Structure formats: structure tokens, C-alpha cells
Amino acid sequence: MKEFLHNTWKHRAYLVLAMPAVLILFFFNYVPMAGLILAFKEFDFTKGIWGSPFNGIKNFMILIQSKRDFIRITRNTLAYYVVFTALGTVLNVTLAIAIDQCVFKRCAKVMQTIMIIPVFVSYAAVQFIVMAYLSANTGIVSNITGIKTFYTSAGYWPTILTVVKIWNSVGYGSVLYMSVLAGIDTSLYEAADIDGASKWQQIKYVTIPSLVPMITVMLLLSVGGIMRSDTGLFYQVTRDSGILYNTTQVIDSYVLHAIMKNSSFGFTAATTFFQSVVGLLMMLFANWMVKRISPENSLF
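Residues numbered from 1 in each chain as written. Predicted model: local features only at pLDDT ≥ 70, side-chain atom pairs only at ≥ 80, totals over all residues. Heavy atoms only, no water.

Student: Before we move on, could you go through the pattern of salt bridges and cite the residues and values that matter?
Tutor: Counted by the stated rule, this structure contains two salt bridges. Between R72 and D69 there is a salt bridge, with the nearest N and O atoms lying 2.9 Å from each other. On the criterion of helical spacing, the pair formed by R72 and D69 is a turn pair, its members being three residues apart in helix α5 (residues 67–101). Assessed through its relative accessible area of 26%, D69 is described here as partly exposed. A salt bridge links K165 to D230; the shortest N-O distance between them is 3.9 Å. (Salt bridge = Lys/Arg side-chain N within 4 Å of Asp/Glu carboxyl O. Helix = DSSP H or I, 4+ residues; strand = E, 2+ residues; numbered from the N terminus. Buried < 20%, exposed > 50% of the residue type's maximum accessible area, 1.4 Å probe, protein only.)

Structural data, given as C-alpha cells:
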């Protein structure tokens, strides 16, 4: 304890600098976790959170017993996570390498700026962009292809949502990998060039291996959100259309729909608690796997 207090006092300047971030993390991330008790209660507005009666795991059983809905939303959530993560990672890395290798650096910076812009566009606005392309009467794509059933056929929407997600996130997602590329020792490329390596060989044997640690960390962090989805994408872009639920409804949009419909806060709290527990277990498992294969790339 004496050594701990001595080190704390010795590094007090760093402690003061970190204090605002620690307080924000505590009050906005940890204090609200007390609300998880709602998952085990029958919420009553007149009694409040703490006065409402306990109902055990009834809220969880409601989620599991709605077997058809539970299987559908879980399947969609996992499927979209795999597609978005796999395709997004490949495109993020590819775009970062392409911009880094671009000979015209000024042009590369302009392209990077343009590709980052979509992430700042709200999905509330994106839904109108999608409508402009896909609406039955005035949609550009609908008129060109002759397909007037985009908003009534669930089969089209996995592709539509994937395109929208990639358009929205890839430009911004590539920035992190570009920062890694900027830190690669140029002597490695010079040595490879002297050895007669082509540009593709330099990318294959120098650039990509240098990106592997960051790719691994980003994948491990994303696994924690395996049961979570972008609510704006699945709720607003699809306009919460019931006819599209078979391929567009995920757990987060299901929870939001449940809140709007019946305000069952105990049930929605149980659902989000389920998401968090599964995400935590998956992240721990993924980190354990990485630690066995490549310990230097694990989170802990």
C-alpha cells in the first residue's frame, strides 16, 4: 500500500489528466449498469425501478419462448455481423493500402476526405436517399431495373443494407489502418526494393503483416458487439416495415419496436442484458483463441 501511494503521488500529474475521462466513464458507463436490475423485475411506473416486484427470469423466458421471433432476430443479427465485419475489414484494409500507395498524394487526401463524409450523415437522412433510389414510383433504380417491389420484398434487403453500411462506414474505417501504415519503417520497403520485390510483393510481405496486429485488435473489440447492430440502419432505413422483418429485423430494432409498442421495460432490459452477456463471453473466448495462437496480438 505504501508503494502504491508513493507511485500515485509521484505520478499525480498523470492522474489529474486522466481524472475527467475516468469520471465520464464511471458516470456514463458504470452507474447506469444499476438499471440492469430491471431485467429481473416486473416494472411498475407507480413504484419505480427499486420498488417494482421481482419476477425472477420471467422476462428472459418471454424472449426465449417467442421462439419464432427469437430465432429470426438472432439469425439476422449474427449473419449481418459476419457479413459487415468480414466485408468491412477487407475493404477498410484495401482502401487504406490503395490510398497509401497512391502516387498523387494530394489526390489521395482529397479522396480520403470525400470517403469520410458519409459517416457524418444521419441514417434519418439516409432513409430518404434510399427511398430516392428504390421507391416504386420515382426511384432511380426502380425505374432503370423495372423492379417496383423493393419495399415489399424482404429478399432484396440484405444486399441493400450491406451496400448502405459499406458506403457509410468504409471510408472512416480505413483511417485507423492508414495511421498504422504511416508508422511502418520505410527501411523495410527499401530493403524489399533492393531485393527485387515488386509492389505487390512489398504489400504482401511488408504491408499486410504490419497491419495484422491492428486487424486482430479491431476484430477482438468488434466481437464484443456481436449481438448488437446499428439501430438506425435497421430501424430507420427500412422504415420499420413489418413485411421486411424476415431479413431486416435484428435484436436492437426488435427491442426498439417493443418499447414503442408496449413499453415492457423489464423485457427490453432482459434482452439487452442477454446481448451484453453473450458479447462478453464471445470476446473472452476470441481473446483466449488469439492468445493461444498469437499471444502478442491478444488484448490481455
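Student: So what's going on with helix α14 (residues 251–262)? Residues and values would help.
Tutor: For an α-helix, the turn length of 3.6 residues means that residues three or four places apart are oriented alike. Look at α14: 16 Å from first C-alpha to last across twelve residues, which is about the 16 Å you get at 1.5 Å a residue. Within the sequence span of α14, burial applies to I251, D252, S253, Y254, V255 and A258. Packing partners of the buried residues in α14 comprise α4 (58–65), α5, α12 (231–237), α13 (245–248) and α15 (265–293). (Expected span 1.5 Å × (residues − 1). Contact = heavy atoms within 4.5 Å.)

Student: I'd like a description of the nonpolar core, backed by residues and values.
Tutor: Counting 21 residues, the largest nonpolar core has V93, I97, Y177, L181 and L211 as its most contacted members. For this core, the elements supplying multiple residues, two or more each, are α5, α9 (157–182), α10 (186–194) and α11 (199–223). (Core = buried A, V, L, I, M, F, W, Y, C linked by side-chain atoms within 4.5 Å.)

Student: Account for the packing of α5 against α9, naming residues and giving values.
Tutor: Two elements in contact, α5 and α9, have axes whose closest approach is 7 Å; the angle formed by their N-to-C orientations is 45°. One finds that α5 runs oblique with respect to α9. In the crossing of α5 with α9, the sense of the turn from one axis to the other is right-handed. Considered class by class, the residues forming the contact of α5 with α9 number 18 nonpolar, eight polar and two charged. (Axes fitted to C-alpha atoms, helices over the stretch in contact; angles between N-to-C directions. Parallel < 35°, antiparallel > 145°, perpendicular 65-115°, else oblique. Left-handed = near helix turned anticlockwise from the far one by under 90°. Nonpolar A, V, L, I, M, F, W, Y, C, P; charged D, E, K, R; others polar.)

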